[in-house]
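# Close look at the chain arrangement
So the chains spell out like this:
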Amino acid sequence: MAFPRVIFILGGPGSGKGTQCKKIIDTFSDFVHLSAGELLRDAKNSGSTAGELIQKCMMEGSIVPAEVTVGLLKDAMIKFGWEKKRFLVDGFPRNDENYNAWFRILPDPYVECCLFLNCEDDILVKRILGRAEGRSDDNIETLTKRLNTYRDSTQPIIRRFAEAGKLIAIDAEGDVDTIFNRIRAALSL
Ligand SMILES: Nc1ncnc2c1ncn2[C@@H]1O[C@H](COP(=O)(O)OP(=O)(O)O)[C@@H](O)[C@H]1O
Ligand SMILES: O=c1ccn([C@@H]2O[C@H](COP(=O)(O)OP(=O)(O)O)[C@@H](O)[C@H]2O)c(=O)[nH]1
């Protein structure tokens, strides 16, 4: 049985995960972009039973329980063709619970690497407060909590990938195309 190939994309809120994933899928047709945050927002808006919990976590800048997120990611991968594509899993795994659930629930998927978009907090804040998507969590109060969650829960996961020899760190400061070229070079695309 073939397994899906996965590249996790991590980085702080506003580090450019969505922007760079879009550029990758627009340029290379064998990639599929799965944003964990988008899947959660879609589930919330479609009246899923987990909707209230998702809304609460997003407004608190905390992390939705893994069984919800992994279920959505798994369903999306199956929909796109489980073993045929290279999946860019954006914004996940964000904490130990996410990380452990991924490997517990999914049948030993092949994780190529974790791409880490590295960006200082002051730039993250500027980008998020300038993002014009009308997201209810893009306000300074929730953003402060998201940055704390990123530091306390997600950065240890990034270190975990580094220790496993699976981390590709990218300088995510600069213009969008310069960063995209760094990613292409790092992934040999
Ligand atoms: N390299 C960059 N320079 C300036 N602004 C950027 C850059 N990359 C992304 N942005 C902008 O910053 C905001 C956050 O980017 P986004 O890709 O949504 O980040 P994330 O998915 O990591 O939260 C968006 O408004 C986006 O247009
Ligand atoms: O695997 C995930 C991905 C996202 N989120 C929630 O969704 C929010 C927005 O995440 P997204 O990746 O869309 O945006 P970012 O914060 O990186 O800009 C986060 O603050 C979390 O509350 C989550 O709980 N688990």
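I will try to describe carefully the structure that is included in this document. (Residues numbered from 1 in each chain as written. Chains lettered and ligands numbered in written order. Predicted model: local features only at pLDDT ≥ 70, side-chain atom pairs only at ≥ 80, totals over all residues.)

### Quick notes on the site of ligand 1
Surveying the vicinity of ligand 1 reveals 14 residues, the closest of which are Gly16, Lys17, Gly18, Thr19 and Arg127. At the level of elements, helix H1 (17-27), helix H6 (121-130) and helix H8 (176-187) are the ones that each hand at least two residues to the shell around ligand 1. The dominant element in the shell around ligand 1, judged by the number of residues it contributes, is H1, at three residues. Looking at the shell around ligand 1 residue by residue, the class counts come to three nonpolar, seven polar and four charged. (Near = placed C-beta within 6 Å. Helix = DSSP H or I, 4+ residues; strand = E, 2+ residues; numbered from the N terminus. Nonpolar A, V, L, I, M, F, W, Y, C, P; charged D, E, K, R; others polar.)

### Observations concerning the pairing of strand S3 (residues 86-90)
The buried fraction of S3 is high, at four of five residues. Pairing of strand S1 (residues 5-11) with S3 involves five bridges; the strand directions are parallel. For Ile7, the partnering residue across the bridge sits in S3 and is Leu88. Of the strand pairs in this sheet, strand S2 (residues 31-35) and S3 are connected by five bridges, and their pairing is parallel. Within S3, the position partnered with Val32 by the bridge is Phe87. (Buried ≥ 20, exposed ≤ 12 C-beta atoms within 10 Å, placed from the backbone. Pairing = 2+ DSSP bridges.)

### Points about the nonpolar core
Among soluble globular proteins, nonpolar side chains are generally buried collectively. Among the nonpolar cores identified, the biggest contains 42 residues, and Phe8, Ile9, Leu73, Leu88, Val89 and Leu115 are the most heavily contacted of them. In terms of residue count, the dominant contributor to this core is helix H4 (residues 66-81) (six residues). Here Ile9 is in contact with Lys17, Cys21, Leu88, Val89, Asp90, Gly91, Leu115 and Leu117, once residues within four sequence places are set aside. (Core = buried A, V, L, I, M, F, W, Y, C linked by C-beta atoms within 7 Å. Contact = placed C-beta atoms within 7 Å.)

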